[in-house]
Amino acid sequence: QDSSIDPYVKVTYRTRENKDFTFQTKYEAKTANPTWNHTETVLLCNTMAPMRFAIYDKNWVTDTFVAQAELAGREFWEEGFSDSLFLEGSNNGKLYVTVQP
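We now turn to the structure provided with this report. (Residues numbered from 1 in each chain as written. Predicted model: local features only at pLDDT ≥ 70, side-chain atom pairs only at ≥ 80, totals over all residues. Heavy atoms only, no water.)

1. Quick look at the sheet that holds strand 4 (residues 64-71)
Strand order in the open sheet formed by 4 strands is 2-1-3-4, and the pairing between neighbours is antiparallel. Among the strands making up the open sheet, the edge pair consists of strand 2 (20-24) and strand 4. Ignoring which end each strand starts from, the neighbouring axes of this sheet average 20° apart. (Pairing = 2+ DSSP bridges. Helix = DSSP H or I, 4+ residues; strand = E, 2+ residues; numbered from the N terminus. Axes fitted to C-alpha atoms, helices over the stretch in contact; angles between N-to-C directions.)

Okay, here's the thing in structure tokens:
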């Protein structure tokens, strides 16, 4: 495992007005197994649009894309979601996500 990365997540979702909105977690220094425990209040999501999770490695000049995952709106809209998502672009990586309705 690469402990030289400083990962953080950018989360993008679509509002009811069809505008993309993005927030991000703080980065975790020098770890390939971060725990962010980030809480964000998201109002009026578009029920059809997915939430997108992109993991980056924080660098001095330009951050590096590491992996991504997507959660379909139908999977969290009515009852929420609490499970892992497969990270595309990683070696069997998973992102554990909880979305409350």
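2. Here's the deal with the packing of aromatic side chains
Applying the stated criterion across every chain, the model contains 4 aromatic pairs. Ring geometry for Y56 versus F65: centroids 5.7 Å apart, planes at 75°, classification edge-to-face. Look at F65 and you get partly exposed, because its relative accessible area is 41%. Among the aromatic residues, those joined into a ring-pair cluster are Y8, Y56 and F65. Positioned over the ring face of Y56 is K10, at 5.0 Å from the centre of the ring. (Phe/Tyr/Trp six-rings, centres within 6.5 Å; stacked < 30°, edge-to-face > 60°. Buried < 20%, exposed > 50% of the residue type's maximum accessible area, 1.4 Å probe, protein only. Lys NZ or Arg CZ within 6 Å of the ring centre and 35° of its normal.)

In short, geometric facts, not functional conclusions.
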